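# Structure assessment
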Amino acid sequence: MELYQGVNFFELPPHVYAIADNAYRMMCSELNNHLILISGESGAGKTEASKKILQYFAVTCPMTESLQTARDRLLLSNPVLEAFGNARTLRNDNSSRFGKYMDIQFDFKGIPVGGHIISYLIEKSRVVYQNQGERNFHIFYQLLEGGEEELLAYLGLERDPQLYKYLSQGHCAKESSINDKNDWKTVSNAFSVIDFTEDDLENLFGIIASVLHLGNVCFEENHQGRAAVPHTHEIEWIAKLLGVHSSVLLEALTHRKIEAKTEEVICPLTLELSVCARDAMAKAVYGRTFTWLVNKINSSLVNKDFTKKTVIGLLDIYGFEVFDKNGFEQFCINYCNEKLQQLLIERTLKAEQAEYEMEGIEWEPIQYFNNKIICDLVEERHKGIISILNEECTRPGPATDLSFLEKLEEKVGKHAHFQTRKLAGPKGRKRIGWMEFRLFHYAGEVTYCTKGFLEKNNDLLYRHLKEVLCRSKNSILKECFLVAELENRRRPPTVGTQFKNSLSSLLEILTSKEPSYIRCIKPNEKKQPSQFDDFLIRHQVKYLGLMEHLRVRRAGFAYRRKYEHFLQRYKSLCPDTWPHWHGPPAEGVERLIKYIGYKPEEYKLGRTKIFIRFPRTLFATEDAFEFSKHQLVARIQATYKGCLERRAYLKKRQAAIKLEAHWRGALARKEAKRRKWAVQIIRKFIAGFINRNKPLCPENEEFIVFVRKNYILNLRYHVPKSVLDKSWLMPPGILENASDLLRKMCMRNLVRKYCRGITAERKALMRQKVVTSEIFRGKKEGYAESLNQPFANSRIDEGDINPKVLQLISHEKIQYGIPVIKYDRKGFKARQRQLILTQRAAYVVELAKIKQKIEYSALKGVSTSSLSDGILVMHVSPEDNKQKGDAILQCEHVFEAVTKLVVLAKEENLVNVVQGSLQFYISPGKEGTIVFYTGPEEQIYKDKNGQLTVVSVRMQS
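What counts and how
Residues numbered from 1 in each chain as written. Predicted model: local features only at pLDDT ≥ 70, side-chain atom pairs only at ≥ 80, totals over all residues. Heavy atoms only, no water. Helix = DSSP H or I, 4+ residues; strand = E, 2+ residues; numbered from the N terminus. Rg over C-alpha atoms; globule rule 2.2 N^0.38 Å. Buried < 20%, exposed > 50% of the residue type's maximum accessible area, 1.4 Å probe, protein only. Contact = heavy atoms within 4.5 Å. Areas by Shrake-Rupley, 256 points an atom, 1.4 Å probe, with all protein chains shown as cover. Axes fitted to C-alpha atoms, helices over the stretch in contact; angles between N-to-C directions. Parallel < 35°, antiparallel > 145°, perpendicular 65-115°, else oblique. UniProt positions renumbered as here; feature names shortened; annotations may be inferred. Pairing = 2+ DSSP bridges. Disulfide = S-S within 2.5 Å. Polar contact = N/O pair within 3.5 Å; in protein donor to acceptor, adjacent residues only side chain to side chain. Core = buried A, V, L, I, M, F, W, Y, C linked by side-chain atoms within 4.5 Å. Salt bridge = Lys/Arg side-chain N within 4 Å of Asp/Glu carboxyl O. Phe/Tyr/Trp six-rings, centres within 6.5 Å; stacked < 30°, edge-to-face > 60°. Lys NZ or Arg CZ within 6 Å of the ring centre and 35° of its normal. Lys, Arg positive; Asp, Glu negative; His and termini not counted.

## Observations concerning the overall build of the protein chain
- Helix and strand counts for the protein chain stand at 31 helices and 29 strands.
- Relative to the compact-globule value of 30 Å for 957 residues, the protein chain shows a C-alpha radius of gyration of 63 Å, a clear excess of over 25%.
- Taking the principal axes of its C-alpha atoms as reference, the protein chain extends roughly 190 × 90 × 70 Å.
- A total of 957 residues make up the protein chain; the buried ones form 47% of that total.
- Sequence separation of at least 24 residues holds for 63% of the intrachain contacts in the protein chain that already meet a minimum separation of 6.
- Here the protein chain displays about 51900 Å² of accessible surface, and carbon together with sulfur accounts for 53% of that area.

Printed below as a string of C-alpha cells:
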C-alpha cells in the first residue's frame, strides 16, 4: 500500500491499489465523483478485490479519531453482508448471491466520513433449496457452529446442520476450506462496531432460527386430501421466535384466505401448496430481513454533516454464471453482466473512437467489433424474454412454465441468439431439454431450465401468511411487513420487473461518475492456487474484449483532458499563463506546452482537449507541477506568515500601548491615593502626639494604638534572656505603667523558668551559696569573684582516698573532701593533707593515717581572715583531751570548704572573719598567733616573733 500511495498511475505495474490510488487522487484534485467497476466470472475474485480497495482507503486516507468509527463501520460492513448474502457454490466458496454497490463518501480533506450501500436481487430461492455440492447462506452455519450454548438453547437449535432440511440438501454442510466458527467471531465483532443493539441481535437471530425451524415443518395428507401438520413442535418454536400465535400460524400454513367482493373464504391447501406456502414464507422473511440489514448498516454509515461530499463508488456484483442446471437467478445475473459489458464497450471502445472523431484527431481506427463483444441485440432479447415472463405471470387463466416456453418460441424464436429443442438443429437438439432454452451471451452459450421461472418471478406470499407476519411482535418483522401492505389491493411488481428497474437505476449511477475498471480473471475451475488453465484464461480474455482494449489504447493517446482543466492545473508552469490567462483556453494550453518543451510527436491538440501520447510526458509535466507547487506553497506560506506576523505585531503594539496607558493611569491613581492616605495618617499622628497625654479619645486613639503596637513589637527583640539581665527597653511616657507591669511579668516568668530548670542537687548547692553569702558577703576579699564559681559536691574522688582510711571511716558516709595544706602548731611546717567531712566529724588525713578527727560537737569555731588568703583555723575546745589543738589549714576553695563545714555542723555562727591577726590553741595554757598582711606577693612563713605570717595580694575592687 505504501509503495503505490501517491505514485503516478503508470509508474508501477498494474495493481488494485494503483486503481484505487488513482481514483482517490483524481477525486481529491478535481472534486468529482468516481467509480470502480469490478467485473468477472463467479469465483474470479471480485469480492476480494473490493475488500482490498476498502482496506487501501482505510490505511492510506488521512484519518482523525472522531472519524475512526466511520472507517471501521465501512470495513466491517463487509463480513456482515457476506454472512447474510454469500454462500458456497460449485464455482466459489464465498460467492456473492446479491449485487452490491457502495458509495464511500469523502470530505474536502479526502477523509472518509460515511457511506451508502445498495443491494440488488438477493437469491432468496437458496434459502429453501441448494444444488448438490452447494450450501445455504453462511450465517446459518456460522450461528450453529459458533453460537454460544445459551443462545442456541434460547433459539431451540442444535449444532448439527444435518438436522435441518434447508441446510442439508446440498450434502456439504461442513467444508474444510470454510471456518464457520472464526467467521462467527468476526461477524459478532462487526455487529458491536456497526451499532447493533442487544434487541436487534435477539430479533435478528430469532428470524434466522425461525427459518431453520420452518424448513423442518412437515406436512402430511389427511383422509380428505388436505395438508395437515402432525407434529407442532417446530410451529411452537417459530411462533415464539416471531412473536405470533401458534394456532394462527398453523392455520396460515395449511389454509388460504380468498377475498370476494363482500366476504372472505378460507380454503384448505393441498400438501404441495402447503409446502410452497412454507417455502414462500421462508424466502419472504429472509429476503426482507436482508433488506432491513442493509438499511441498518446504511443508518450507521450515514454522515450527519450535510456539506458537499465527493464519492468513490465500488460495484461488486455477481459474476457471469454457467452451471449444469441454470434457472431464473442465473438468467437475471447473466442479464446484468450483459448490460455491464455493454456499458463497458460504450464507455471505452466506442467512446474512444467517437472522442477522436469528435476532436478531429487523426488516427487509425481498429476493428474491434465481433459477434460476441458487440451487444446491440442484448437489450432487445432480454427485454423480450422478461416481458413475455411478466405477461404469463399476470394474464388470466392457467399459466405454466411450459406455456411460457411456447410463448418464447413464438415471440423470440427468430432471434439469432435464442434456441430451444424445437428450434435447434439436429445436432443442438440433443443438448437441449424439452423445458429448456439456450441463449448466446458474450461470454458463451447458457442453457436455462424454465421450471420454476413463473413461481420465482411472481414471488407471491399468500395474504393469510402476510397478515400473520404483519402482526408479529418481532421489531424487525414489524418494519419489514407493514400493515399498510394489507390495504393495498394492487398486485406487487414481479421480480423480473424489479430487477430490470433497479438495473436501470444502477446504470444511471454508473454513467454519472468517472469510471475505473478492474477485470478479474479466473485462473482455474478447481479453486486451487497457483494453477493457470490456459484455455480458460484465453476464453475470458477473448470474451471480455481485453485485447481489443489494449490495441485501442496503444494506437491512441494515454492521457486526454479538456483545455480548461489542463490549463487550470498546470498554468503555474508558465509565466504567461500564471496566475491568470485571459485568452481562449486552447491558446493558453498551446503557449504552456511550448514553454514546457513538448515535442510534436508527444501530443495532439483537439477541438476542446489536449491529447498526450506517452505517459513519460505526463510524468515529466506532473513532476514539474509538483516542484512548482512546492515553490508556490512556500511563497504563499511566507507571504501569509509575514502577513500574520505583521498583523499580530500591530495587534500586540496596540495592546501594549493601551496596557501602558491604563497601567500608568492605575499607578498614578494608586500613588495619589497613597499620598492622600499618608497625609491623613500624618495629620492623625500629629494630632495624636499633641493629645497623647489626654485620656483615650478619637483625637489620640490611633496614635496611642500605634505607639503601643510599635513598642510591643520592638520590645520582643529586647526582652531579657536571663534573670541576671537587668536591661529593658525604655518605654514612652504613656506606657510607663504598662512597661513596669510587663517587666515584672517577664522577670517573674524568667525566674519561674529558671527555678523549674534547677535540679535538686543544684538547688542544694545554691542554698550552700546562700549560706556562703550570709557568712562572707562584705567581710572577706574574693567573695564577689567566687560567686560565678559553682560549688562542687567534692574535690576529691573516692579513688583518691587511701583504702585504709576508707576502712577506718566506713561507718560514716563521706560528704565532702578537699586537698589542704596543714601547718604544724609549733613549727608551722607545711604538710600535704586531705580534709574529709562526714556527717558527724571532720578528718585531717595523711596518706593511710587519720591525723586528727574533730567531731562537730567538739568544734568550737572556725576562723578565717578578711583578706584573700585561703587560711582557715578549726578551733577545738581546750577541755577536750582527745584533741591535740586547733587545726591550721590552707585550701584553694576556702569559701566552699568553710560553707560545707558549717552546713554539716549545722552552726552558721561558728565562722569568725578576723582582721589583722587571730589566736589559736596549741596546748593547755599555750596559744599561738597568725598575723595577716597584704603585700606584692603571697607568702606564708614564721616570723622572728614566732608567729605565722600570712601575706596575700590585695584584690582590686
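## Side note on the packing of helix α3 (residues 68–85) against helix α4 (residues 138–146)
- Where α3 contacts α4, the two axes come as close as 5 Å, and the packing angle between them is 100°. Taken together, the axes of α3 and α4 lie roughly perpendicular to each other. Here Glu 82, Ala 83 and Phe 84 of α3 come into contact with α4, specifically with His 138, Ile 139 and Gln 142.

## Observations concerning the UniProt feature "binding site: ATP" (unreviewed entry) in the protein chain
- Cross-referencing UniProt, the feature "binding site: ATP" (unreviewed entry) maps to Gly 40, Glu 41, Ser 42, Gly 43, Ala 44, Gly 45, Lys 46 and Thr 47 in the present numbering.
- Counting through the fold element by element, Glu 41 comes out in the loop between β1 (34–40) and α2 (46–60).
- Beyond its immediate sequence surroundings of up to four residues, Glu 41 is in contact with Lys 46, Arg 91, Gly 319, Phe 320, Cys 520, Lys 522, Gln 540 and Tyr 543.
- As for its position among the elements, Gly 45 is in the loop between β1 and α2.
- Judged by relative accessible area, which is 27%, Gly 45 ranks as partly exposed.

## Comments concerning the pairing of strand β10 (residues 310–316)
- With respect to burial, β10 is a largely interior element, 7 of its 7 residues being buried.
- Burial along β10 is two-sided: the face carrying Thr 310, Ile 312, Leu 314 and Asp 316 and the face carrying Val 311, Gly 313 and Leu 315 are both buried.
- One ladder, built from 5 bridges, connects β1 with β10; its direction is parallel. If you follow His 34 over to β10, its bridge partner there is Ile 312.
- The pairing of strand β4 (residues 99–106) with β10 spans 7 bridges and is classified as antiparallel. Pairing of Ile 104 across the sheet is with Ile 312, part of β10.

## Considering the state of the cysteines
- Scanning the model with the defined rule gives 0 disulfides in all.
- Looking at the unpaired Cys 755, the closest cysteine sulfur is the one in Cys 746, lying at 14 Å.

## As for the side chain of Asn 94
- As for its placement among the helices and strands, Asn 94 is situated in the loop between β2 (86–87) and β3 (95–96).
- At a separation of 3.3 Å, a polar atom in the side chain of Asn 94 contacts the side chain of Glu 82.
- At 3.1 Å, the side chain of Asn 94 forms a polar contact with the side chain of Asn 86.
- Apart from residues no more than four positions distant in its own chain, Asn 94 is found in contact with Thr 47, Lys 51, Glu 82, Asn 86, Ala 87 and His 138.

## A closer look at the environment of Arg 748
- Structurally, Arg 748 can be placed in helix α27 (residues 736–756).
- Classification of Arg 748 by relative accessible area gives exposed; the value is 63%.
- Sequence spacing of Arg 748 and Asn 488 is 260 residues, and the spatial spacing of their C-alpha atoms is 114 Å.

## Points about the nonpolar core
- The biggest cluster of nonpolar side chains holds 103 residues, and the ones touching the most others in it are Phe 57, Phe 84, Phe 140, Phe 191 and Met 281.
- Considering every element that reaches this core, the biggest residue donor is helix α11 (residues 271–301), with 13 residues.
- Not counting chain neighbours up to four residues away, the residues in contact with Phe 57 comprise Ala 20, Tyr 24, Ile 104, Phe 106 and Ile 312.
- By size, the runner-up hydrophobic cluster in this structure holds 42 residues, among which are Tyr 120, Phe 418, Phe 453 and Tyr 543.

## So, unusual backbone geometry
- Note that the residue after Trp 578, namely Pro 579, is joined by a cis bond; omega there is 0°.
- The residue Pro 579 is located in the loop between α23 (563–570) and α24 (585–596) in this model.
- Although it is not a glycine, His 171 sits at a positive phi angle of roughly 60°.
- Relative to the elements of secondary structure, His 171 occurs in the loop between α6 (165–168) and α7 (180–193).
- By relative accessible area, which is 57% here, His 171 ends up exposed.

## Some details on the sheet that holds strand β24 (residues 887–890)
- Spatial strand order, β21-β20-β19-β18-β24-β23-β22-β25: 8 strands in an open sheet with mixed pairing. What marks the edges here is a single partner per strand, and that holds for β21 (849–855) and β25 (911–914). Taken pair by pair, the neighbouring strands of this sheet meet at an average axis angle of 30°, ignoring direction.

## Focus: the pattern of salt bridges
- In the structure shown here, the tally under the stated rule is 35 salt bridges.
- Here Glu 175 makes a salt bridge to Arg 88, at a shortest N to O gap of 3.6 Å. Of this pair, Glu 175 sits in the loop between α6 and α7 while Arg 88 sits in the loop between β2 and β3, placing them 87 residues apart in sequence.
- On the basis of relative accessible area, Glu 175 is assigned to the partly exposed category, the value being 22%.
- By relative accessible area, which is 11% here, Arg 88 ends up buried.
- Note that Arg 954 and Glu 781 form a salt bridge whose closest N and O atoms lie 2.8 Å from each other.

## Some thoughts on the packing of aromatic side chains
- According to the stated counting rule, one finds 31 aromatic pairs in the structure shown.
- Where Phe 191 meets Phe 196, the ring centres are 4.9 Å apart and the plane angle is 65°; that geometry is what we call edge-to-face.
- According to the relative accessible area criterion, Phe 191 is buried, its value standing at 1%.
- Here the aromatic residues Phe 328, Phe 331, Phe 404, Phe 418, Phe 437, Tyr 448 and Phe 453 are joined through ring pairs into a cluster of three or more.
- Taking the ring centre of Tyr 141 as reference, the NZ or CZ of Arg 135 above it sits at 3.9 Å.
- The lysine or arginine in question, Arg 421, covers the ring of Trp 434, its NZ or CZ lying 4.6 Å from the ring centre.

## Let's talk about the side chain of Asp 316
- Of note, Asp 316 is situated in strand β10.
- Within the buried set, Asp 316 has no salt-bridge partner at all; the shortest N-O distance to an opposite charge, 4.6 Å, is to Lys 100.
- For Asp 316, the side chain forms a polar contact with the side chain of Thr 47, separated by 3.2 Å.
- Setting aside anything within four residues of it in sequence, one finds Asp 316 in contact with Lys 46, Thr 47, Ser 50, Ser 96, Gly 99 and Lys 100.

## Here we look at the sheet that holds β4
- Across the sheet, 5 strands lie side by side as β5-β4-β10-β1-β14; this open sheet has mixed pairing. Sheet topology places β5 (112–120) and β14 (514–520) at the edges, where each strand pairs with a single neighbour. For this sheet, the mean angle separating the axes of adjacent strands, direction not counted, is 15°.

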